[in-house]
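Coordinate inspection notes
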Amino acid sequence: MKIFNLNAKQFISRPIEEVFGFFSRPENLSVITPSNLQFNILTPSPLEMKQGAVIDYTIKLFKVPIHWRTLITTYEPPFKFVDEQLKGPYNFWHHTHLFKEVPDGVEIYDEVHYGIPFGPLGSLLHSLWIKKDLNHIFEYRKGVIDNIFQEEDYRKFLPNSFTEKAS
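The rules behind the values
Residues numbered from 1 in each chain as written. Predicted model: local features only at pLDDT ≥ 70, side-chain atom pairs only at ≥ 80, totals over all residues. Heavy atoms only, no water. Buried < 20%, exposed > 50% of the residue type's maximum accessible area, 1.4 Å probe, protein only. Helix = DSSP H or I, 4+ residues; strand = E, 2+ residues; numbered from the N terminus. Pairing = 2+ DSSP bridges. Axes fitted to C-alpha atoms, helices over the stretch in contact; angles between N-to-C directions. Parallel < 35°, antiparallel > 145°, perpendicular 65-115°, else oblique. Left-handed = near helix turned anticlockwise from the far one by under 90°. Contact = heavy atoms within 4.5 Å. Salt bridge = Lys/Arg side-chain N within 4 Å of Asp/Glu carboxyl O. 1 Å grid on protein atoms, 1.4 Å probe; cavity = no way out; pocket = protein on both sides within 12 Å on 5 of 7 lines; lining within 4 Å. Points joined across faces, edges and corners; volume = space filled by probe spheres on them. Nonpolar A, V, L, I, M, F, W, Y, C, P; charged D, E, K, R; others polar.

Quick notes on the pairing of strand S7 (residues 105–115)
Counting buried positions along S7 gives eight out of 11 residues, so the element sits mostly inside the fold. For strand S1 (residues 3–12) and S7, the ladder comprises 10 bridges, and the chain directions are antiparallel. Within S7, the position partnered with isoleucine 3 by the bridge is glycine 115. Where strand S6 (residues 92–102) meets S7, 11 bridges bridge the pair, whose relative direction is antiparallel. Looking at S7, one finds that threonine 96 is bridged to glutamate 111. Between S6 and the antiparallel strand that follows it, S7, lie two residues; aspartate 104 among them carries a positive phi value of about 70°.

What follows is the structure, given as structure tokens:
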């Protein structure tokens, strides 16, 4: 199986605890995922992000619902977490989220390693559609995240522990 890579980088001018806090809420995935995928979390809320957490959700590809289950295999707040697909559209999915404090904010790094099913047909689909679609999803997320952290009320996207501190 061929493994493909996707890398993304983004800067947010906020404290690392807040940026990591945003990403530690699986509920925010629906906010940062393009609406055409009809992202829906199946795991009951509230979801606790921690090593060993399992999150079930669906997306729709060409109006067909796809069940996706991920496992949080690494959780090191506020610097890193890793989600891996247990069930879903890929043969393999390993997504590392890294958060690095830099002057005036945080750099977010996403590193995704993934494998496509269907052998040579899957490789063809990757070159014609999947690679572009994944890049589009990460560009969309980048824009939404930029906008959220520029909003006055961005704290509504943070875990309750952050909103209680602000009160």
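Having seen the model, we can carry on.
Concerning the environment of valine 144
Structurally, valine 144 is set in helix H3 (residues 119–150). A residue is classified by how much of its surface remains accessible, and valine 144, at 16% relative accessible area, is buried.

Considering the packing of helix H1 (residues 16–23) against H3
Contact geometry for H1 and H3: axes closest at 12 Å, N-to-C directions at 125°. Viewed along their axes, H1 and H3 adopt a mutual orientation that is oblique. Along this stretch, H1 crosses H3, giving a crossing that reads as right-handed. Listed contacts from H3 to Glu18, Val19, Phe22 and Phe23 of H1 are Ile145, Ile148 and Phe149.

Side note on the sheet that holds S6
Across the sheet, seven strands lie side by side as S1-S7-S6-S5-S4-S3-S2; this open sheet has antiparallel pairing. In the strand order of this sheet, the two ends are held by S1 and strand S2 (40–41), each with one partner. The strands that H1 touches are S1, strand S4 (64–76), strand S5 (80–87), S6 and S7; relative to S6, the one it contacts most, it runs at about 160°. Strands S1, strand S3 (54–61), S6 and S7 of the sheet are contacted by H3, whose axis makes an angle of about 15° with S1.

Details of the pattern of salt bridges
Tallying each qualifying case throughout the model produces seven salt bridges. A salt bridge links lysine 142 to aspartate 146, with the nearest nitrogen and oxygen atoms 3.7 Å apart. Within this pair, lysine 142 and its partner aspartate 146 are both found in helix H3, separated by four residues, close to a single helical turn. Given a relative accessible area of 29%, lysine 142 falls into the partly exposed group. A relative accessible area of 22% means that aspartate 146 is categorised as partly exposed. A salt bridge links lysine 156 to aspartate 153; the shortest N-O distance between them is 3.2 Å.

Some points on the layout of surface pockets
The space that makes up the largest pocket amounts to roughly 960 Å³. Surrounding the largest pocket, 48 residues form its lining, Trp68, Trp93, Leu134, Ile137 and Arg141 being those nearest its centre. Looking at which element gives the most residues to the lining of the largest pocket, the answer is H3, with 12 residues. Looking at side-chain class alone, the lining of the largest pocket contains 32 nonpolar, eight polar and eight charged residues. By volume, the second largest pocket amounts to about 230 Å³. For the second largest pocket, the full set of lining residues is Ser24, Arg25, Glu27, Pro46, Leu47, Glu48, Met49, Tyr75, Lys156, Leu158, Pro159 and Asn160. Here the lining of the second largest pocket is built from residues that sort into six nonpolar, two polar and four charged.

Keep in mind these values describe shape, not function.
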